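Okay, here's what each chain looks like letter by letter:
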Amino acid sequence: MENISSETHSPVTEDGVVISQNNSILLQNNITQECLYVPITIGVLREFGLVEEFSHSISEQHKEQQENETKIWTTENTLFLIDIVGKFDKEFASGIKKNVWKKVTQQCKHLHKNINEKQCETKWKTLKRTYKTVLLHSNTSGQKKRYWEFFDVMHDIMHNKPEITPVAVCNSMTGLHINKEVTVPDLSPCSSKEDKENENISNKDYESSFSRKRKAKMSEADCRHQEKMKRLDNFNDLFQKNDR
């Protein structure tokens, strides 16, 4: 679609009323005079100063969107999304999130015909935000614990994450405190025992190689220092002979 702005286009009116149909308004290109229908959004209405005139349409759209979200994210479907996101937890931590959300959405396709990546990601963000709010409320001294039907399943996934329970906390009063209860996931490709043994051997080889190189450099530096001192001694002997 071509760039639309109040500088390039103008609303087409009839008897002083902007022509609209199917939640779209008719705009005319100020140069070519070509007309096209543009979907009604709050951004478009603000651009052309039509918010008040089409406020009813915006309200209806928002209401329809909320109804669709309610139909998609039933309790059962929400629990399914949480379970799938939990299974992709390591991929979210180590991979490109956009690609992981594609996989998650593919797993959720059977939930609703219109479900898409944005809806899944938005729903998850809403769940995370609610979880943090309920957790903070429950952990606040003197507050009665708040019930939320998805808290337990969300807690299973979220409670060990650094954004919820930091691996370490440091302040001027108590210094550094390391939280031993937090499990940091192993995201390295070495997962089997054999792989880890090979990794340890590789590390030892690297350390031995590093030590050898370091000793060689130290020997070279020592030789250069000795040669420098020898030249300095020779110069002093020569200077003393000439002084006599």
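For the structure itself, consult the block above.
All residue numbers refer to positions counted from 1 along the written sequence of the respective chain. Restriction of local features to residues with pLDDT of at least 70 applies here, the model being predicted, together with a cutoff of 80 or more for giving and counting side-chain atom pairs; totals for whole chains, interfaces and linings are based on all residues. No hydrogens and no water enter the side-chain calculation; it runs on all heavy atoms of the structure.

Draft legend 1. Representation of the pattern of salt bridges. The working definition used for a salt bridge is a side-chain nitrogen of Lys or Arg within 4 Å of a carboxyl oxygen of Asp or Glu. The full count for this structure, using the stated rule, is 4 salt bridges. The closest approach of N and O atoms between Lys161 and Asp89, which form a salt bridge, is 2.6 Å. Note that Lys161 is positioned in the loop between α7 (151-158) and β7 (168-171) and Asp89 in helix α4 (residues 89-94), a separation of 72 residues in sequence. With a shortest N-O distance of 2.9 Å, Glu91 and Lys103 are connected by a salt bridge. Residue Glu91 is found in helix α4, and its partner Lys103 is found in helix α5 (residues 97-108); the two are separated by 12 residues along the sequence. Relative accessibility decides the category of a residue: with a 1.4 Å probe and only protein chains considered, values under 20% of the type maximum give buried, values over 50% give exposed, and everything between is partly exposed. When its relative accessible area of 31% is taken as the criterion, Glu91 is described as partly exposed. In this structure Lys103 comes out as partly exposed when scored by relative accessible area, which is 41%. Only DSSP runs of H or I covering at least 4 residues are called helices, and only runs of E covering at least 2 are called strands; the numbering of each starts at the N terminus.

Draft legend 2. Structural detail: helix α3 (residues 75-87). Taking 1.5 Å as the rise per residue, α3 with 13 residues should run 18 Å; its terminal C-alpha atoms sit 19 Å apart, in good agreement. Among all positions of α3, only Asn77, Thr78, Leu81, Ile82, Ile84 and Val85 are buried. For α3, the arc enclosing every buried residue in end-on projection is 165 degrees, short of the 170-degree limit, so these residues lie on one face. Of the exposed residues in α3, the ones pointing more than 90 degrees away from its buried face are Glu76 and Lys87. Under the convention used throughout, the expected extent of a helix is 1.5 Å for every residue step, that is, one less than its residue count. Comment: arc refers to directions from the helix axis out to C-beta atoms.

Draft legend 3. Just the nonpolar core, in detail. Ranked by size, the top nonpolar core spans 27 residues in total, and within it Leu81, Val104, Trp124, Leu127, Tyr131, Trp148 and Met154 carry the most contacts. Residue assignment for this core shows that the elements contributing at least two residues are α3, α5, α6 (117-139) and α7. Considering every element that reaches this core, the biggest residue donor is α6, with 6 residues. Whether two residues are in contact is decided by their heavy atoms: any pair within 4.5 Å suffices. Leaving out residues up to four positions away in the same chain, Trp124 has contacts with Leu81, Ile82, Val85, Trp101, Met154, Ile157 and Met158. Among buried residues, the Ala, Val, Leu, Ile, Met, Phe, Trp, Tyr and Cys ones that are joined through side-chain atoms within 4.5 Å form a nonpolar core. Counting residues in each nonpolar core, the second largest holds 11 residues, with Val18, Leu27, Phe48 and Leu50 among its members.

Draft legend 4. Up close: unusual backbone geometry. At Asp15, a position not held by glycine, the phi torsion is positive, near 55 degrees. Positive phi, close to 65 degrees, is recorded for Gln33, a residue that is not glycine. Inspection of the secondary structure puts Gln33 in the loop between β5 (24-29) and β6 (35-39).

Draft legend 5. Spatial organisation of the side chain of Thr105. Relative to the helices and strands, Thr105 is located in helix α5. Nitrogen and oxygen atoms within 3.5 Å of one another constitute a polar contact, given that in protein one can donate a hydrogen and the other can accept it, and given that sequence-neighbouring residues count only through two side-chain atoms. A polar atom in the side chain of Thr105 sits 2.7 Å from the backbone oxygen of Trp101. When residues no more than four places from it in sequence are discounted, the contact partners of Thr105 are Ile115, Asn116, Glu117 and Cys120.

Draft legend 6. Representation of the side chain of Ser24 in the model. With respect to the secondary-structure elements, Ser24 resides in strand β5. A relative accessible area of 13% places Ser24 in the buried class. Excluding anything up to four places from it in sequence, Ser24 contacts Ile19, Tyr37, Val38, Pro39 and Ile40.

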